[in-house]
Number of protein chains: 2
Amino acid sequence: MFTKRLNQLLLYATRRILKDTSGYKGALKAFLEAHNIGAGDIVVVKTDKDEYKGTVIPRYEYASQDFLTLKLPNGYNIGVEFNKIRSIKLVEEHAPPAFAPQHLTAPKKGLPKAVIISTGGTIASRVDYRTGGVRPALSASDLLSVVPELGDIAQVDADLLFSIYSENMTFSHWSKLSERIYNYIKEGYNGVVVTHGTDTMGYAAAALSFALHKTPIPILLVGSQRSSDRPSSDAASNLIAAMVTSLKAPFSGVYVSMHEWVSDERISIHVGTKVRKLHTSRRDAFKSINTSPVAVYKDGELNVLRNDLPKRGVSDDFRIFPKFEEKVSLIKFYPGFDPSIIESLYQKGYKGLVLEGTGLGHVNKLTADSLKKLIRDGFIVCMTSQCIYGRVRLTVYDTGRDLLDAGVLPLEDMLPETAFVKLSWCLGNFEREEVSKMMRSNIANEYNSRLLLEEVE
Amino acid sequence: MFTKRLNQLLLYATRRILKDTSGYKGALKAFLEAHNIGAGDIVVVKTDKDEYKGTVIPRYEYASQDFLTLKLPNGYNIGVEFNKIRSIKLVEEHAPPAFAPQHLTAPKKGLPKAVIISTGGTIASRVDYRTGGVRPALSASDLLSVVPELGDIAQVDADLLFSIYSENMTFSHWSKLSERIYNYIKEGYNGVVVTHGTDTMGYAAAALSFALHKTPIPILLVGSQRSSDRPSSDAASNLIAAMVTSLKAPFSGVYVSMHEWVSDERISIHVGTKVRKLHTSRRDAFKSINTSPVAVYKDGELNVLRNDLPKRGVSDDFRIFPKFEEKVSLIKFYPGFDPSIIESLYQKGYKGLVLEGTGLGHVNKLTADSLKKLIRDGFIVCMTSQCIYGRVRLTVYDTGRDLLDAGVLPLEDMLPETAFVKLSWCLGNFEREEVSKMMRSNIANEYNSRLLLEEVE
């Protein structure tokens, strides 16, 4: 059997063209390539007993290479044993949906100027929806072509700043992004929307919240939990809500615009320092933590829910503090935690750390003792809670008071992710002496001092 | 002014007795001690202009020592400037509420045997409710005296195993606790309830879930978000629900029993591997993640919500696997993450790691490359999501597929904390070769394979 296959492969070798056979290896990969078949192609496969028509799916599992996976018209996937395949026939070649950048119609007179800055992520990706794979591909101008309604509300420019997965975003990207936004606003743009991968959008929103001081307009980050070219995509509605908010909202600052719930058209506007991705896949993955959304967008209307936000308008104090210190870390405490992990960071030149303690902000005795020494040596230690919801309080138990005495900074109801970004920003832009005080000050609504309903007994 | 104070202090020095002046320092501390006044005492303080009656509160903040803090009868705290104090008078000395261990009435005939194993934590602590400080103090038999109703449903023994804050619980405690439980069940106990500090109760519940294999009865962990001797304590209702469940529930395994909501008497029973403390202070801090509670207790009735759980009854296979490997870690990925943190762990002899990736389970390129090398060297890397809710999927993006190819184990919807405990347990009890397969197998309901409502688009 194997010799027969090998002969076939040799026969077909010359016809090989570039097709996506990712995941397949060895003989099966060669077999597919020989037949000029790749992922996404619709094929008819015959075995001794059966015949299957379906879409070739990349074999993602690192396990067995003995099966060709097909997605059947009913939606189910089946594995066809390679050794039993008698023939394979290409029925329909796969072509991913194309989004040629379209030039917008001539700008309408009187419309405000706005920009969409693209950094990558699912909102700027096209899915191969036969195979389920997603690749970053769409540019900001592609997005415009997908959402032509935007042309009716503003003269929209598109700026493709990065095209990376958001897990690869880092301090220097935040610096560049904040500088870019600063320049657009200085040039007179009335709306700024940043498309961002959802994975680290919460971190980026916090970074911009601190880097951009007293912005005259609201800056909106927007992502998508569904690729822009999928029928169920949330990209368009998220994007329109973000643009309308940036252009028209009465408040300023940095916000995230995402679906409020799985099934409807309501979009929540979240404070950039109080928002977190709380689900791997739901459309409404983003939630305001320890506060509520500031506004809800529905059917073209923005319903503002809070009146204590900084006001939109000309700001004489609009400034930028775009630096971030890289030698900071975010560490989650767990039972049996070995503080030498933190000591190693200090030895590597790290300047500070945000801890996710348990409950009200606790760590074990060994770690507490180690932190005391490090703090004496100038290391900055901030405490948040791995509970996510609620408020760190180091005054309830005597172990917490020990940490306070040692100089651990209790960050109240601040999100661990926001605290990590803030520490990086403080150390990047200001003198070491100011950092402790700044960490405990409310700079960009990262603290919610109002009594929380949840805390009433 | 200072000299005058100093003279006073010297005068009073001989009268000094031991009082709790924690938090106060220097002259103010000496002043309080000189007047034989400590936290919790009710005093009358006179200044030039005013007179205040209130309870002395420890000064927890590491900031100014210029103020004496009093809790006024109306519940508010005020700071009285030290330099303005003319006189202070002790009105009523503070005595913490006492709970003398009471012997239960003679066991009632026919009642099943049960045990409450106490490990410490808030449920086994008494609060000084004038000052708000909490100390671990109550033993299991104290708890029985607080909740005498337990004597009507079982012959309850009390076992004070540990008396520590739960952030100090570690692998060896889990081993001892599981051995203790195993022995009680082998001796014929029909109910086992473990009182535990809430901070790490989720981790401990996971540890027992894996260590105790095919238990004939359900083992209930129970904590309290309010000290047992506070009027608003949830300790009694949580404890009764736990005991009734352990004695009567038709299922076996390890569960956590905590309030379902802030205000009512409904107690949720959560799967021990799928439960997480999700709020620092609310009564209903514990939530089932990626699944629902298995039962709800109300007014003496246990309403079972699932029928797919292991059945209660005599188990011939009841076994214990009580070991835990200490050289495992739980690391949260963040933007700019430096993989040398993980490489250091490997060099320190760590055997494996659970990562909290972003979104569907991602890390940056640098970290992915580092993980590939470590895995080749035998290091075990498991992927969970820092989103908490949802399911890790490494097949959606090509970066995820790279991780899969490298041998990263995707742990689906398993909680990061449960994954950490499971990895420690797998490495502690089984051969290295079996660990990868075991991590991907459903051993104690740590995976929920049923389609989640949230995942439907």
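Residues numbered from 1 in each chain as written. Chains lettered and ligands numbered in written order. Predicted model: local features only at pLDDT ≥ 70, side-chain atom pairs only at ≥ 80, totals over all residues.

**Some details on the overall build of chain A**
Phase 1: Tallying secondary structure elements over chain A gives 12 helices and 23 strands in all.
Phase 2: Each of the 457 residues in chain A was classed as buried or not, and the buried ones make up 52%.
Phase 3: The long-range fraction of contacts in chain A, counting pairs at least 24 apart against all pairs at least 6 apart in sequence, stands at 69%. (Helix = DSSP H or I, 4+ residues; strand = E, 2+ residues; numbered from the N terminus. Buried ≥ 20, exposed ≤ 12 C-beta atoms within 10 Å, placed from the backbone. Contact = placed C-beta atoms within 7 Å.)

**Let's talk about the sheet that holds strand 22 (residues 380–385) of chain A**
Phase 1: Sheet architecture is open: 4 strands sit in the order 20-21-22-23 (chain A), paired in parallel fashion. Either end of the sheet is taken by a strand with one partner, and the two such strands are strand 20 (328–332) and strand 23 (409–410) of chain A. (Pairing = 2+ DSSP bridges.)

**Examining the sheet that holds strand 12 (residues 218–222) of chain B**
Residue and element names in this part refer to chain B.
Phase 1: Spatially, 9-6-10-12-13-14-17-18 is the arrangement adopted by the 8 strands of the open sheet, whose pairing is mixed. Unpaired on one side and paired on the other, strand 9 (155–160) and strand 18 (301–304) mark the two borders of the sheet. Here the strands of the sheet are splayed against their neighbours by 25° on average, with no regard to which way each runs.
Phase 2: Where strand 10 (residues 191–195) lies against strand 12, 4 bridges are found, and the strand directions are parallel. (Axes fitted to C-alpha atoms, helices over the stretch in contact; angles between N-to-C directions.)

**Focus: the relation of the copies chain B and chain A**
Phase 1: At an RMSD of 0.3 Å, chain B and chain A line up after a rotation of 179° and a shift of 0.1 Å along the axis. The operation mapping one copy onto its partner corresponds to a two-fold rotation axis.
Phase 2: When the interface residues of chain B are mapped onto chain A, 97% of them are again interface residues, pointing to one common binding face. (Least-squares fit on C-alpha atoms with pLDDT ≥ 70 in both.)

**As for the packing of helix 11 (residues 416–429) of chain A against helix 12 (residues 432–439) of chain A**
For any two helices packed against each other, the geometry is given by the interaxial angle and the distance between the axes.
All names here are of chain A.
Phase 1: Remark: helix 11 packs on helix 12, axes separated minimally by 9 Å, with the N-to-C direction vectors making an angle of 150°. Judged on the interaxial angle alone, helix 12 and helix 11 are roughly antiparallel. With respect to the hand of their crossing, helix 11 and helix 12 are arranged in right-handed fashion. Contact residues: helix 11 offers Lys422, Leu423, Cys426 and Leu427, while helix 12 offers Val435, Met438 and Met439.
Phase 2: Classifying every residue of the contact of helix 11 with helix 12 gives 6 nonpolar, no polar and 1 charged. (Parallel < 35°, antiparallel > 145°, perpendicular 65-115°, else oblique. Left-handed = near helix turned anticlockwise from the far one by under 90°. Nonpolar A, V, L, I, M, F, W, Y, C, P; charged D, E, K, R; others polar.)

**Considering the interface of chain B and chain A**
Phase 1: Contact with chain B, which involves 60 residues of that partner, is made by 58 residues of chain A.
Phase 2: Listed by contribution, the elements that provide at least two residues to the side of chain B that touches chain A are strand 8 (133–136), strand 20 (328–332), helix 10 (398–406) and helix 11 (416–429) of chain B.
Phase 3: The dominant element in the side of chain B that touches chain A, judged by the number of residues it contributes, is helix 10 of chain B, at 5 residues.
Phase 4: Residues of the side of chain B that touches chain A, tallied by class, amount to 22 nonpolar, 22 polar and 16 charged.

**With respect to the nonpolar core**
Phase 1: Core analysis: the largest hydrophobic core is formed by 209 residues, its most contacted members being Val192, Ala207 and Cys382 of chain A together with Val192, Ala207 and Cys382 of chain B.
Phase 2: Not counting residues up to four positions away in its chain, the partners in contact with Ala207 of chain B are Trp174, Phe324, Val421 and Trp425 of chain B.
Phase 3: Listed in part, the 14 residues of the second largest apolar core include Phe31, Ile37, Val56 and Leu68 of chain A. (Core = buried A, V, L, I, M, F, W, Y, C linked by C-beta atoms within 7 Å.)

**Considering helix 9 (residues 365–376) of chain B**
Residue and element names in this part refer to chain B.
Phase 1: With 12 residues, helix 9 extends 17 Å from end C-alpha to end C-alpha; this agrees with the ideal 16 Å at 1.5 Å per step.
Phase 2: Taken residue by residue, helix 9 has Thr367, Ala368, Ser370, Leu371 and Leu374 as its buried positions. Projected onto a plane normal to the axis of helix 9, the buried residues spread over an arc of 165° and lie on a single side.
Phase 3: Residues of helix 9 that are buried make contact with helix 8 (340–347), strand 22 (380–385) and helix 10.
Phase 4: Just downstream of helix 9, Gly378 is the residue with a positive phi angle, here 100°. (Expected span 1.5 Å × (residues − 1). Arc of directions from axis to C-beta.)

**Some details on the environment of Tyr255 of chain B**
Residues and elements named next belong to chain B.
Phase 1: Note that Tyr255 resides in strand 13 (residues 253–259).
Phase 2: Note: C-alpha distance between Tyr255 and Gln225 (30 residues apart in sequence) is 17 Å.
Phase 3: Setting aside its immediate chain neighbours within four residues, Tyr255 contacts Pro218, Leu220, Thr245, Ile269, His270, Val271, Gly272 and Val294.

**A closer look at unusual backbone geometry**
Residues and elements named next belong to chain A.
Phase 1: With a phi angle near 50°, Asp299 is a residue other than glycine that sits in the positive phi range.
Phase 2: Structurally, Asp299 can be placed in the loop between strand 17 (295–298) and strand 18 (301–304).
Phase 3: Of the residues examined, Asp299 has 6 C-beta atoms within 10 Å and is grouped as exposed.
Phase 4: Even without being glycine, Glu412 reaches a positive phi, approximately 50°.
Phase 5: Positionally, Glu412 belongs in the loop between strand 23 and helix 11.
Phase 6: Looking at Glu412, the number of C-beta atoms within 10 Å reads 21, which means it is buried.

**Observations concerning the environment of Leu374 of chain A**
Residues and elements named next belong to chain A.
Phase 1: With respect to the helices and strands, Leu374 occurs in helix 9 (residues 365–376).
Phase 2: Under the C-beta neighbour-count criterion, Leu374 is labelled buried, with 21 such atoms within 10 Å.
Phase 3: For the pair formed by Leu374 and Ile342, sequence separation is 32 residues and the distance between their alpha carbons is 8.9 Å.

**A look at the confidence of the model for chain A**
Residues and elements named next belong to chain A.
Phase 1: Averaged over chain A, the pLDDT score is 83; the fraction of residues at 70 or greater is 80%.
Phase 2: Of the regions scoring below 50 in pLDDT, residues 1–18 engages in 15 contacts with residues more than four places distant in sequence or in other chains.
Phase 3: In this model, residues 451–457 is a region of pLDDT below 50 whose contacts with residues beyond four sequence positions or in other chains number 6 contacts.
Phase 4: Quick note on the complex model: pTM equals 0.78, ipTM equals 0.77. (pLDDT = per-residue confidence, 0-100.)

**What to know about the pairing of strand 6 (residues 113–118) of chain A**
Residue and element names in this part refer to chain A.
Phase 1: For strand 6, the buried fraction is high: 5 of the 6 residues fall into the buried class.
Phase 2: The sheet contact formed by strand 6 and strand 9 (residues 155–160) spans 6 bridges and is parallel. Within the sheet, the bridge partner assigned to Val115 lies in strand 9 and is Asp157.

**Digging into the packing of helix 9 of chain A against helix 10 (residues 398–406) of chain A**
All names here are of chain A.
Phase 1: Direction vectors running N to C along helix 9 and helix 10 enclose 15°, while the axes themselves pass 9 Å from each other. Relative to helix 10, the element helix 9 is oriented roughly parallel. Between helix 9 and helix 10 lies a crossing whose hand is left-handed. Contact with helix 9, carried on its side by Ala368, Leu371, Lys372 and Ile375, involves Thr399, Asp402, Leu403 and Ala406 of helix 10 and no other residues of that element.
Phase 2: Looking at the contact of helix 9 with helix 10 residue by residue, the classes come out as 5 nonpolar, 1 polar and 2 charged.

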